[in-house]
Amino acid sequence: MCEVFKGSFTQQEPICEAGIKAAVEVMRHGRLHRYNIAEGEIAETARLEQEFAAFMGTDYCLAVASGGYAIALALRAVGVKAGDRVLTNAFTLAPVPGAIASLGAIPVFVEVTQDLTIDLDDLAARSDQAKVLLLSHMRGHICDMDRLMEICDAAGVVVVEDCAHTMGARWRGVLSGRHGAVACYSTQTYKHINSGEGGLLISDDAALMARAIMMSGSYMLFARHTAAPPPQEFDSIKYEMPNISGRMDNLRAAILRPQLARLAQQCAAWNERYRTVEKGLQSTPGLTVISRPREEEFVGSSIQFLLLDWTDAAIAGLLDRCAARGVELKWFGGAEPAGFTSRYDSWRYAPSQSLPQSDRILRAIVDMRLPLTFSLEDCAQIARIIRAEVGAVWQSPGVA
Ligand SMILES: *Cc1c(COP(=O)(O)O)cnc(C)c1O
């Protein structure tokens, strides 16, 4: 009998006891709204902002309702207006082009490389088409950030970073999110810290951050933010910025603070799992493991591999065979968007573009989550199953 994996690819760890305790305290006192504070109290939300700013080494942080909200807010705060074009990755998830479209702006997709990062030559070629790049570190793959910043600085392109999959990761020692003008994180259940829904936005730019805080729904209570520019920074903008409410609440912040404190440990645990699966998949005929540059200290909360130039039928067949053995793989190349995955050409509100290189790569990407509820033995077993099934399909005629 073939071995079958019994674990769940969507089951995250429970909230740690410290998080549960802090959440219960907030519910007991009832001050869930971030601006509802007792005399002298600093709200959980403001504390989370201080702690995330300290962790990231930034001056300012704002906690909001979701990662997607943080991205749209960052785009507004850098001045994107309806009708503007915004460069972004062809390989990303729907909330990224969605945030651009939510402002009435127009996504311009940049090709993806075989390493699953933004193609910097294609970016350079398109850098005169927009004033802003929304850079998605999709599935935690970080491009050469030094070269990316050179290209964008030379072209006068402002960089907004989507770090939904790179909280805690680094490029050449610099934390992911510290290269661009502003960076956005998600605290949704499947990301690196979990409050169900939630987002964080960081920047060192006082004027940008004052605009973001005002628009997030601070009313005239911005002085209650503690990882924020001084109140005088708001003088010239407080009548200009529309209130687009999307605040975080104290309950979520209370759940997140203890998780942030052990993020480094969690990242190490993800990477052990990633390296175990990666090792099990190395040199499997027909399967391409993604190469990770030495400069990249990634967080392996998911893993991808490529089935380059396989037929659609062969890939679909492999996914079925793996599913029958309990291994849930996602395919970015499917003609119809499914679950969380979709392709740039499924976002029909964006002008259609021809991206032949991305078409070939996207068709080949197979994606798998690595929740921390998996043991290292689970990961080794998953790799064995994939390897055996790829071997079986690869040997049959008409695969590629
Ligand atoms: C999850 C995610 C987002 C958006 O985060 P939400 O909190 O779900 O709105 C943005 N970009 C990427 C790449 C994501 O995976």
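> Please explain the domain arrangement of the protein chain as it appears in this structure.
Where interface size is quoted, it is often the accessible area lost as the parts come together. On domain assignment, one finds that the protein chain holds domain 1 (17-261) and domain 2 (263-394). One C-alpha centre belongs to domain 1, the other to domain 2, and the line joining them spans 27 Å. The interface of domain 1 with domain 2 comprises 41 residues on the first partner and 37 residues on the second. Here domain 1 meets domain 2 over a buried area of about 3300 Å², counting both sides, of which 60% is carbon and sulfur. Here domain 1 is connected to domain 2 by one salt bridge. At the junction of domain 1 with domain 2, the criterion picks out 18 residue pairs in polar contact (both at pLDDT 80 or more). Every element with two or more residues in the side of domain 1 that touches domain 2 is listed here: α4 (95-102), β3 (106-110), β6 (170-171) and α8 (250-261). Looking at the side of domain 1 that touches domain 2, the element that brings in the most residues is β3, giving four residues. Split into classes, the residues belonging to the side of domain 1 that touches domain 2 amount to 22 nonpolar, 11 polar and eight charged.

> Please clarify how the state of the cysteines should be interpreted in this entry.
Each disulfide consists of a covalent bond between the sulfur atoms of two cysteine residues. Enumeration over the complete set of coordinates arrives at zero disulfides. With no disulfide of its own, cysteine 379 lies closest to cysteine 322 among cysteine sulfurs, the gap being 15 Å.

> When you look at the sheet that holds strand β14 (residues 365-369) in this model, what are you seeing that I'm missing?
Paired through their backbone hydrogen bonds, the strands of a sheet run either parallel or antiparallel. An order of β10-β12-β14-β13 is seen for the four strands of this open sheet, with the pairing classed as antiparallel. Edge positions in the sheet fall to β10 (288-289) and β13 (330-331), since each of these pairs with one other strand and no more. In the sheet, β13 pairs with β14 via two bridges, with the strands oriented antiparallel. Paired with lysine 330 across the bridge in β14 is aspartate 367. Packing against the sheet, helix α9 (residues 263-281) makes contact with β10, β12 (302-306) and β14, and its axis sits at approximately 20° to β12.

> Looking at this structure, how should I read helix α10 (residues 312-324)?
Each α-helix winds once per 3.6 residues, and so residues spaced three or four apart point in a common direction. An ideal rise of 1.5 Å per residue puts 18 Å on 13 residues; α10 measures up with 18 Å between its terminal C-alpha atoms. For α10, the complete set of buried residues consists of Ala314, Ile315, Leu318, Leu319 and Cys322. Buried residues in α10, looked at end-on, bunch into an arc of 140°, giving them a common side. Among the exposed residues of α10, those oriented more than 90 degrees off its buried face are Ala313, Asp320 and Ala324. Next to the buried residues of α10 lie β13, α11 (356-364), β14 and α12 (376-394).

> Hey, could you run me through the side chain of glutamine 266 in this one?
Tracing the backbone shows glutamine 266 in helix α9. Among all residues touching glutamine 266, those that are not within four sequence positions of it are Glu13 and Leu372.

> I keep staring at the pattern of salt bridges and nothing clicks. Help me out?
Proximity of charged atoms lets side chains of opposite charge pair with each other. Overall, the coordinates contain 21 salt bridges when judged by the stated rule. Aspartate 367 is the salt-bridge partner of arginine 139, the closest N and O atoms lying 2.9 Å from each other. Of the two residues, arginine 139 is situated in the loop between β4 (132-136) and α6 (145-155) and aspartate 367 in strand β14; the sequence distance between them amounts to 228 residues. When sorted by exposure, arginine 139 lands in the same class as aspartate 367, which is buried.

> How do you make sense of the environment of alanine 77 when you look at a structure like this?
As for its position among the elements, alanine 77 is in helix α3 (residues 67-77). We classify alanine 77 as buried; its relative accessible area is 1%. The sequence separation of alanine 77 and cysteine 152 amounts to 75 residues, and the corresponding C-alpha distance is 18 Å. With sequence-adjacent residues up to four places away left out, alanine 77 is seen in contact with Leu208, Arg211, Ala212 and Met215.

Quick notes on the rules
Residues numbered from 1 in each chain as written. Predicted model: local features only at pLDDT ≥ 70, side-chain atom pairs only at ≥ 80, totals over all residues. Heavy atoms only, no water. Domains from an automatic or database assignment. Contact = heavy atoms within 4.5 Å. Buried area = accessible area lost by both parts, 1.4 Å probe. Salt bridge = Lys/Arg side-chain N within 4 Å of Asp/Glu carboxyl O. Polar contact = N/O pair within 3.5 Å; in protein donor to acceptor, adjacent residues only side chain to side chain. Helix = DSSP H or I, 4+ residues; strand = E, 2+ residues; numbered from the N terminus. Nonpolar A, V, L, I, M, F, W, Y, C, P; charged D, E, K, R; others polar. Disulfide = S-S within 2.5 Å. Pairing = 2+ DSSP bridges. Axes fitted to C-alpha atoms, helices over the stretch in contact; angles between N-to-C directions. Expected span 1.5 Å × (residues − 1). Buried < 20%, exposed > 50% of the residue type's maximum accessible area, 1.4 Å probe, protein only. Arc of directions from axis to C-beta.

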